[in-house]
Amino acid sequence: DCQGGTLIKEKTVIINENISHHKGWTNFTAAHEIGHIVLHVPIHESQNVEKESEQEIISRKVAYFEGNKKELKELQADKFAAFLLMPSELIKKAFYKNYKKPVNLRKKRILDLFFRKPAFVKGYQIAEEIIQIGKFDNVSKMAMLNRLIGMRLVRGLSYQKSNATQ
């Protein structure tokens, strides 16, 4: 039930082979685990010198995607991965090649009367454009859309969760 994990004592990152079919998930999971190595392993090691019985793995479980309350260290590792794989300046550069200003997906336009699409569908289309323009072929559309939402370049939509893990 894990996407990936960091074995602290062994200094090893493991990634579930079941996600290997999707390059974006694999890359994001690897970057997420690197985030744990950089951000959390030093803290864990300094606090665990005398606590050898403590858990020796930091893992990203499938259940992580289903709930609403995320552990702080998981959110931090996600943010680390997003910044590592999708640097702000490169995202902005790709975004502003197609758009003059941030896009509000809840704002109604005349074309919406004839061609209705849910906001999340429009969001994924924008994410796909930015992936192509910026050559971000190492991330999923969901990761890109969440990065665009986090940067407030796409508005009117909350962070997206994966349905594939359910």
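Before any of the text, the structure's been laid out above.
Throughout what follows, the structure given in this document is the object of discussion. Note that the coordinates shown come from a computational prediction; the quantities given were computed from them, not determined experimentally. (Residues numbered from 1 in each chain as written. Predicted model: local features only at pLDDT ≥ 70, side-chain atom pairs only at ≥ 80, totals over all residues. Heavy atoms only, no water.)

Quick look at the overall build of the protein chain
Stated precisely, the cut-off is as follows: Secondary structure follows DSSP: runs of H or I at least 4 residues long count as helices, runs of E at least 2 residues long count as strands, and numbering of each begins at the N terminus. Exposed residues in this analysis have more than 50% of their type's maximum accessible area, buried residues have under 20%, and partly exposed residues fall in between, with area computed by a 1.4 Å probe over protein chains only. Working rule for contacts: check all heavy atoms of both residues, and any pair within 4.5 Å makes them a contact.
Scanning the protein chain from N- to C-terminus turns up seven helices and five strands. The N-to-C order of helical and strand elements in the protein chain reads β-β-α-α-β-α-α-β-α-α-α-β. Looking at the 166 residues of the protein chain, the share that counts as buried comes to 38%. Partitioning the intrachain contacts of the protein chain with sequence separation of at least 6 by distance along the chain shows that 64% fall at a separation of at least 24.

Re helix α4 (residues 88-98)
The following threshold applies: Throughout, the arc means the angular range of directions from the helix axis out to the C-beta atoms.
Taken together, the buried positions of α4 are occupied by I91, A94 and F95. Buried positions in α4, seen along its axis, are confined to an arc of 100° and lie on one side of it. Set apart from the buried face of α4 by more than 90 degrees, the exposed residues are E89, K93 and K97. Structurally, α4 contributes buried residues whose contacts are with β4 (103-104), α6 (119-134) and α7 (141-150).

Digging into a nonpolar patch on the surface
Keep this limit in mind: Only residues whose relative accessible area exceeds 30% and that form no salt bridge enter a patch; like-charged residues are grouped when within 9 Å of one another, and nonpolar side chains (Val, Leu, Ile, Met, Phe, Trp, Tyr) when within 5 Å. Note on areas: Shrake-Rupley, 1.4 Å probe, and residue coverage restricted to the protein chains presented here. A pairing counts as a salt bridge when a side-chain nitrogen of Lys or Arg comes within 4 Å of a carboxyl oxygen of Asp or Glu.
Judged by side-chain polarity, V13, I15, I34, I37, V38, L39 and L84 come together as a nonpolar surface patch covering roughly 510 Å² of accessible area. Secondary-structure elements contributing two or more residues to the nonpolar patch are β2 (12-15) and α1 (23-39). Looking at the nonpolar patch element by element, the count peaks at four residues for α1. On the secondary structure map, L84 appears in helix α3 (residues 72-85). Using a relative accessible area of 46% as the deciding quantity, one classes L84 as partly exposed.

Some details on the packing of α1 against α3
Formally: Throughout, an axis means a line fitted to C-alpha atoms (over the contacting stretch in the case of helices), and angles, computed between N-to-C directions, take values from 0 to 180 degrees. The sense of a crossing depends on the near helix, which, turned anticlockwise from the far helix by less than a right angle, makes the crossing left-handed and, turned clockwise, makes it right-handed. Under the grouping applied here, Gly and all other residues not named as nonpolar or charged are polar, the nonpolar ones being Ala, Val, Leu, Ile, Met, Phe, Trp, Tyr, Cys and Pro and the charged ones Asp, Glu, Lys and Arg.
One can describe the packing of α1 onto α3 by two numbers: an axis separation of 8 Å at closest approach and a directional angle of 115°. For the pair α1 and α3, the crossing hand works out as right-handed. On α3, the residues that touch N27, F28, A31, H32, I34, G35, H36, V38 and L39 of α1 are K73, E74, Q76, A77, D78, F80, A81, A82, L84 and L85. Split by residue class, the contact of α1 with α3 holds 11 nonpolar, five polar and three charged.

Examining the pairing of β2
Short version of the rule: Pairs of strands are assigned from DSSP output, requiring at least two bridges between the strands.
The pairing of strand β1 (residues 2-7) with β2 spans four bridges and is classified as antiparallel. Counted as the bridge partner of G5 is I14 from β2. Linking β1 back to β2 in an antiparallel pair, the connection comprises four residues, with K11 at a positive phi of about 55°.

A short note on the nonpolar core
Put simply, the rule reads: Remark: nonpolar core denotes a set of buried residues (Ala, Val, Leu, Ile, Met, Phe, Trp, Tyr, Cys) joined through side-chain atoms within 4.5 Å.
Counting 28 residues, the largest nonpolar core has M86, I126, M144 and L148 as its most contacted members. For this core, the secondary-structure elements that each account for two or more residues are α1, α3, α4, α6 and α7. If we skip the residues at most four places from it in the chain, L148 touches I91, F95, I126, A127, I130, L153 and V154.

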